[in-house]
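# Architecture at a glance
One-letter residues, chain by chain:
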Amino acid sequence: MNTLSAPTSKPWYREPWPWFLISLPATAVIAGLTTVWIAYKSADGLVVGDYYKEGLAINQTLARDDAARALALVATLKTEDGALMLTLAGRMQAYPEQLILNLAHPTHQGMDQTIALHHAGGGHYRAAMPAMSSGKWHAQLTDTRSTWRLSGVLHTPLDQPGTLSASETIVQQPQGD
């Protein structure tokens, strides 16, 4: 006898397509929750809380750059025998006994460092080389009275000497189409 049997249908949870369709929004929810967790755990520490006062202080900063430019100051940084060596050149009447070097990491505020460089004769200064991760660092060099300022970008490790100079105000002209 030839009997036709009705095809047996499986329950929905045994089919692959409903699970595929459910996985798409579930993946989006998991990715969203992960993004919220990352944003909460790694707050941006680079935003200045009192931006108005920072804006007012820009004139003092520009005056320090002008003073460094008037003295034609240039500093060269290098490492030698595990020490940080700095050579200061320019029209200085007397070299300060101490210089302050601020090293700011571009993305991790907690890695920023302040180094005191001590006069070693002539225009030479010396300090113990701090532990620094490899990469890009923004450097600012000032005297202890903050009458002038040199700045620049250093790439560590300092295999090649780095140079700090007075900041130039550069106005970028738009390029033609």
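What you are looking at is a predicted structure, and each value in this text was computed from that prediction instead of being measured.

## Here we look at the nonpolar core
Proteins that are soluble and globular tend to have nonpolar side chains buried together. Residues Leu-101, Leu-141 and Leu-150 are the most contacted members of the largest nonpolar core, which totals 24 residues. Those elements giving two or more residues to this core turn out to be strand 1 (74-80), strand 2 (83-89), strand 3 (98-104), strand 4 (113-119), strand 5 (124-128), strand 6 (135-143) and strand 7 (149-156).

## Considerations on the side chain of Gln-113
One can find Gln-113 in strand 4. Polar contacts involving the side chain of Gln-113 include one to the main-chain carbonyl oxygen of Ala-131, which spans 2.9 Å. If near-sequence neighbours (up to four positions away) are discounted, Gln-113 is found in contact with Leu-101, Asn-102, Leu-103, Pro-130, Ala-131, Met-132 and Trp-137.

## Quick notes on helix 1 (residues 16-41)
The first and last C-alpha atoms of helix 1 sit 37 Å apart over 26 residues, in line with the 38 Å expected at 1.5 Å per residue. The largest bend along helix 1 measures about 25° and falls at Ser-23, with the proline Pro-25 one to four residues further on. Helix 1 sits mainly on the outside: zero of its 26 residues count as buried.

## Structural notes on a nonpolar patch on the surface
Together, Trp-12, Tyr-13, Trp-19 and Ile-22 line one region of the surface with nonpolar side chains, adding up to about 480 Å² of accessible area. With respect to the element layout, Ile-22 can be found in helix 1. Judged by its relative accessible area of 40%, Ile-22 falls in the partly exposed class.

## What about the pattern of salt bridges?
Using the criterion set out here, one finds three salt bridges in the structure. One salt bridge in this structure joins Arg-69 and Asp-66, with 2.6 Å as the shortest N-O distance. One end of the pair is Arg-69 and the other is Asp-66, both in helix 3 (residues 58-70) and three residues apart, which spans about a single turn. For Asp-66, a relative accessible area of 42% translates into the label partly exposed. With its nearest N and O atoms 3.8 Å apart, the salt bridge here joins Glu-80 to Lys-78. Taking the relative accessible area as the measure of exposure, Glu-80 reaches 36% and is therefore partly exposed.

Rules of the game
Residues numbered from 1 in each chain as written. Predicted model: local features only at pLDDT ≥ 70, side-chain atom pairs only at ≥ 80, totals over all residues. Heavy atoms only, no water. Core = buried A, V, L, I, M, F, W, Y, C linked by side-chain atoms within 4.5 Å. Buried < 20%, exposed > 50% of the residue type's maximum accessible area, 1.4 Å probe, protein only. Helix = DSSP H or I, 4+ residues; strand = E, 2+ residues; numbered from the N terminus. Polar contact = N/O pair within 3.5 Å; in protein donor to acceptor, adjacent residues only side chain to side chain. Contact = heavy atoms within 4.5 Å. Expected span 1.5 Å × (residues − 1). Bend = angle between axes of the 7 residues up to and from the residue. Patch = residues over 30% accessible without salt bridge, like charges linked within 9 Å, V, L, I, M, F, W, Y side chains within 5 Å. Areas by Shrake-Rupley, 256 points an atom, 1.4 Å probe, with all protein chains shown as cover. Salt bridge = Lys/Arg side-chain N within 4 Å of Asp/Glu carboxyl O.

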